[in-house]
Each structure stands twice: as structure tokens, then as C-alpha cells.
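Coordinate inspection notes
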Amino acid sequence: MKKYDLIIIGTGAGGGTLAHKLATTGKQILILERGDFLPKEVENWNPREVYTVGRYRPKENWLDRDGKAFAPFTHYCVGGNTKVYGAALLRLRESDFTEVKHADGISPAWELGYDTFEPYYTEAEKLYSAHGTRGADPTEPRAGEPYPFPAVKPEPDMQELFEHIETLGHRPAPIPIGVRLPEDHRKLSDASTLSLFDGYPDPTGMKADSHVVSIKPALAQDNVKLMTGIKVVKLMTDASGKRVAKVVALHNGERMEFEGDTVLVSCGAINSAALLLRSANDKPPNGLANSSGLVGRNLMLHNNGTVVAVTGKPNHAIFQKSFLLSEFYHGTDDFPFPLGSIQLMGKTDPDTLLGLLEEEFGKDKNYDLDYYARHTIDFFITTEDLPKYENQVKVRPDGSIQLVYHPNNLEAYNRLRQKLINILDAVGKRFGYGIKGYLGYKLGVSGVSHQTGTCRFGVDPMASVLDLHCKTHDLDNLYVVDTSFFPSSGAVNPSLTAMANALRVGEHLIEKMGWKMEWKMAMA
């Protein structure tokens, strides 16, 4: 059996970025991905196939806290969830790294501050071709450099809405988007047009996902190998219980084993925790790296939801995802606790839109969905949910995943939703939008795109699963490098922080293993 220097399990924002960072070290790297490459096909941009049918989501069910089965909104493929993410690359705010009092409790401080992550945020923004405008967002944290590329130009109707909201005294700002536009690197007479993007695979390769940006370049190195269709089911330790000796996986039902000097788990916060729990044996009877009892605990999903304004004024935007409102992030005059962030999102798919219309206006009408697609404006709102010990990932005796999750901090979510509605009401009255009502929904437990927190990092082995370099306290050669390490979730998309942290951990490994000189020699 060949022994690798590094085994990386997972190819999403954490694993893919880490593979890219380490690819040029010359070390023998094996990347294991349970899914396959997403095909480039016409269904990539078919709303019914993507959303209603769930063509690219796994055919598996998880269980909620009451034991009821649900289909998780997650993706197993090369690139992980970044293949279908909206590519909003937002930094956590500086305050998110400190202790923050919320209406529903305390968001704990991180044991590393914003200054530690700042250079890696900058590196990640460059790697993932972030397009934005520094200084436009009033809550944006300090940054050492401008965005690599200017903000994506909004569609005319969204530019007009931006200006109308601004006229009322608010401070909308461009959403930093990870996208690889041809005009970024050469002069073209016309700029590229983005369309179905948020929630869809991108067959053009313009979306800056971890497959296109990180895995493909990594595989250009002879020392990097990717195996797909490999579901890792257990990590086996040596006799001491202090090192992972074998990675056990299934491929088409057949057992396979792999050996590596260092094992890096990047399966996503839920599946990484589940893998550690499934790896229990006599040495760690409650799960691998779980002497603290915290593996799977403190699960956070964010309080996410949509607000869809139905307007008399037409909206011809298709991409739509152009600006955000963060001015309520730290609270308001009438509510001293943080609320969160508001973003434009991609257009709601027709089947979901029909369900929302029927819920709001009745099922006894014949809705023209083409009309309503052109007479709606779609927003996504995010409020922080707090890490709670009782919110956890559990593995049932049959190996299935159960999420015991109780929502919290809901007053902040409801207030943020109302703030947005108040703004849109004011815009509608002043500028003639003819708003007829509001649709939308709050994501439930199946909405796991923003999963964080199941293997928090810290100094104290009894209060954290990982050390500050994301190595498990209990094992010498096991790291967890995805959103599991978050002690708190903030109220922005976690992707960029996962990418930045992967670059940070990768740099640590290069220095720890003495690879830096070899890397420099390889690049000479």
C-alpha cells in the first residue's frame, strides 16, 4: 500500500483551497472526494432540475431533532458546495472575532483575532478573483489591499434600486463576488453577462469555485492525485490512539484503505463531525478527537431567509445579486443588539415562486409566472445564530446523520426582515414601485449551506476540539480544515473565512514540516 505524505478528504472551500496551497510542495498528496465531477450539461441552468428535482444534490436523508427525515441542501462533488454557491466572498467583521452580546445570548470571542486572518483574507480574495469596492460597505473590516477586481457592474434595474435606497439615506454597497471574467485580464469591447449563478452550477467556468480555482491547478502537479467516488467512512488509529493509521473508505460498495503521514478532514462541518463520531473505537469510545465531548456540538446554520417584494414596476434583472445592506449589522437605535446582513440574491426559481404566491395570495388563481418573475425583487437575509451545546450533529446506530438543532436569536432575524420591508415600502412609495406584498420563507434545518462550528478551535483541550492551527488536540496527525472550527458564526457567508483559514493552515504545515525551502527550490 502506497503511503502518502498528505491525505485531504473533501474538495470544497476548505479542502480545495488547502490542496492548492500545498500542491507545489512536492509532497505526495492524495485528495479523496465522495462525489464526482459535475457534468457540464443543459440542466446546469434548468431551474426545475436544479431546485425542484435536486439533480445535483445527494439522494440521502438526514433526520431532524424529532427523528423526521429531510433532504439536506448540500452537494457531494468536486468543488463541494462551492459548485453551486452564490460566490459572495465576505469577510467576517472585526467585531465577530470578539465577544458580542446578542438579544438571545453571547457570541464568544475567537482566540485568534481579525489581524491574524486579515492577510489570508487578502490572499483568498486574490485566489478566488473577488470583485468589490473597498470602503463602500460601512461595516467592512480593515483590509491591507484593494479588491483584486472592481465590483461587478449591476444590471440597470438593480443600479436604479441601489440609487433609490441610497437617496433615502441608506448605504448599500456592492457584494464582493468571486467570478473570473474574461475582461479582467484583457480588453474587450463588451463585458460578460452573468445570468443563472446563485445556486446553479456554472458550465462556463466563470464562477470562482474551488474546483475551477483550486483543484484543477493542483492536479497539474505530478505529486497530486484526486480520487472521486470515494466515501470515507472511518479513520483508524494506531495502537497508541494518538495517530490516524488508516483512512477507510467505500468505492461502489468495496472497502478501500489509504495511509498518510498527515490526514486533513474537509468534509463540511456536519460530515466532518459525523466522520469523527463514526470513527469511535476502544481508544476513543465516544468518537475520534472527542476527549472534550464537543465533536458535533455547537452546530450553527445561521438564521437565513428570503424576502421577495412583488412589484408593479418591472424588474428585468436575471443575475440580480449585486448589492448588500449591512448598516444594521451591529444593531439599531431601537434595538442595541446585532441584526445581520441583507443581500440581493438570484431570482427565485419558478416552482418555489408559485408556492410562495399561492401561500400569500391563494391557490385559486392562475399565476403567470413569467410576469411575476419580471415583477419581483429577491433578497436574502442573514442573522447570526449562537453556538449552543445542545445543537449538535449525532450519528445514529445505522450510521445516519441526525441534526438536533433548536433555532435561536430569532427576534433579531424578525427585526432585520422588518427593517428591509420598511426600506422597500419607503422606496416603493417615493419612486413608484407599486409594491403589492412580500413573499418569502425562513430556511429550516435542511438549509445547511452555512453550516459551522462542530469542531471549534481553541487553546484549552477540554473546551475545544482543535488547536489554533486546526490540528485535533487528541491526535498528532489529524487536522480538520473546513467551517467546523468556527467558535461563532457572524452574519455573513462563511465561504471566504473557510478559504482564508485553509490558506493559514496550509502555511502552518509548510513551515512545520520544513517544506518552505523545498517549495522555493521547486519554484526556482
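Not measured: the values here are computed from a predicted model.

Rules used in this analysis
- Residues numbered from 1 in each chain as written.
- Predicted model: local features only at pLDDT ≥ 70, side-chain atom pairs only at ≥ 80, totals over all residues.
- Heavy atoms only, no water.
- Phe/Tyr/Trp six-rings, centres within 6.5 Å; stacked < 30°, edge-to-face > 60°.
- Helix = DSSP H or I, 4+ residues; strand = E, 2+ residues; numbered from the N terminus.
- Buried < 20%, exposed > 50% of the residue type's maximum accessible area, 1.4 Å probe, protein only.
- Salt bridge = Lys/Arg side-chain N within 4 Å of Asp/Glu carboxyl O.
- Axes fitted to C-alpha atoms, helices over the stretch in contact; angles between N-to-C directions.
- Parallel < 35°, antiparallel > 145°, perpendicular 65-115°, else oblique.
- Contact = heavy atoms within 4.5 Å.
- Nonpolar A, V, L, I, M, F, W, Y, C, P; charged D, E, K, R; others polar.
- Core = buried A, V, L, I, M, F, W, Y, C linked by side-chain atoms within 4.5 Å.
- Pairing = 2+ DSSP bridges.
- Polar contact = N/O pair within 3.5 Å; in protein donor to acceptor, adjacent residues only side chain to side chain.
- Expected span 1.5 Å × (residues − 1).

**Structural notes on the packing of aromatic side chains**
As enumerated under the stated definition, the model contains 19 aromatic pairs in all. Ring geometry for tryptophan 110 against phenylalanine 457: centres 5.8 Å apart, planes inclined by 80°, an arrangement best described as edge-to-face. You can see tryptophan 110 sitting in the loop between strand E6 (105–107) and helix H3 (114–127) and its partner phenylalanine 457 sitting in the loop between strand E21 (437–442) and strand E22 (478–480), a full 347 residues away along the chain. Judged by its relative accessible area of 6%, tryptophan 110 is buried. You can call phenylalanine 457 buried: its relative accessible area is 2%.

**Some remarks on the pattern of salt bridges**
One pass over the full model with this rule turns up 23 salt bridges. Ionic pairing is found between arginine 55 and glutamate 49, a salt bridge with its closest N-O pair at 3.1 Å. As a salt-bridge pair, arginine 415 and glutamate 411 come within 3.1 Å of each other at their nearest N and O atoms. Of this pair, arginine 415 and glutamate 411 both sit in helix H9 (residues 410–431), 4 residues apart, which is roughly one turn of the helix. One continuous salt-bridge network, built from bridges that share partners, spans Arg91, Glu118, Glu125, Arg134 and Glu140.

**Some remarks on the packing of helix H4 (residues 156–167) against H9**
In helix packing, the relevant descriptors are the interaxial angle and the interaxial distance, both defined with respect to the helix axes. Viewed as axis vectors pointing N to C, H4 and H9 meet at an angle of 100°, and their least axial separation amounts to 10 Å. Considered as vectors, H4 and H9 are oriented roughly perpendicular to each other. In this structure, H4 contributes Leu161, His164, Ile165 and Thr167 to the contact, and H9 contributes Ile423, Val427, Arg430 and Phe431. Looking at the contact of H4 with H9 residue by residue, the class counts come to 5 nonpolar, 2 polar and 1 charged.

**Some details on the nonpolar core**
Of all hydrophobic cores here, the largest spans 106 residues; its most connected members are Leu235 and Val247. With 9 residues, helix H10 (residues 495–512) is the single largest residue contributor to this core. When sequence neighbours within four positions are dropped, the list of residues in contact with leucine 235 reads Ile9, Val244, Lys246, Val247, Val263, Val265, Leu275, Leu276, Ser279, Leu288 and Leu478. Among the nonpolar cores identified, the runner-up in size contains 27 residues, and Ala309, Leu325, Phe335 and Leu416 belong to it.

**Remarks on the pairing of strand E12 (residues 231–237)**
Pairing of E12 with strand E13 (residues 244–251) involves 6 bridges; the strand directions are antiparallel. Counted as the bridge partner of threonine 237 is valine 244 from E13. Between E12 and E13, which pair antiparallel one after the other, the connecting turn spans 6 residues, and glycine 241 there sits at a positive phi close to 75°.

**Considerations on the side chain of asparagine 303**
By the secondary structure assignment, asparagine 303 is in strand E15 (residues 303–310). For asparagine 303, a relative accessible area of 0% corresponds to the buried category. One polar contact links the side chain of asparagine 303 to the main-chain carbonyl oxygen of asparagine 408, over a distance of 2.8 Å. Ignoring sequence-local partners within four residues, the contact set of asparagine 303 consists of Ile381, Thr382, Thr383, Glu384, Asp385, Asn408, Asn409, Leu410, Tyr413 and Lys442.

**A word on the environment of glycine 54**
Within the secondary structure layout, glycine 54 lies in the loop between helix H2 (47–53) and strand E3 (62–63). Through-space distance from the C-alpha of glycine 54 to that of methionine 513 is 42 Å; in sequence the pair is 459 residues apart. With residues up to four places along the chain from it excluded, the contact list for glycine 54 reads Glu49 and Lys59.

**Things to note about the pairing of strand E14 (residues 254–265)**
Direction of pairing for strand E1 (residues 3–9) relative to E14: parallel, over a ladder of 6 bridges. Directly across from isoleucine 8, in E14, lies its bridge partner leucine 264. Where E13 lies against E14, 5 bridges are found, and the strand directions are antiparallel. Note that in E14 the partner of valine 248 across the bridge is glutamate 257. Connecting E13 to the next strand, E14, in antiparallel fashion are 2 residues, including asparagine 252 with a positive phi near 55°.

**Brief notes about the sheet that holds strand E16 (residues 323–325)**
One open sheet accounts for 6 strands, arranged E9-E16-E17-E18-E15-E21; its pairing is antiparallel. Looking at which strands have only one partner, the edges of the open sheet turn out to be strand E9 (173–174) and E21. Relative to strand E18 (residues 376–383), strand E17 (residues 341–344) runs antiparallel, the two sharing 4 bridges. Paired with glutamine 343 across the strands is phenylalanine 380, a residue of E18. Contacting E15, E18 and E21, helix H7 (residues 350–361) crosses the sheet at an angle of about 115° to E21.

**Some remarks on H9**
Counted at 1.5 Å a residue, the expected span for H9 with its 22 residues is 32 Å, and the 32 Å between its end C-alpha atoms agrees. For H9, every residue scored as buried is listed here: Ala412, Tyr413, Leu416, Leu420, Ile421, Ile423, Leu424, Val427 and Gly428. Of the surrounding elements, those touching the buried residues of H9 are H4, E15, E16, E17, E18 and E21. In the segment just after H9, glycine 432 is the residue with positive phi, at about 70°.

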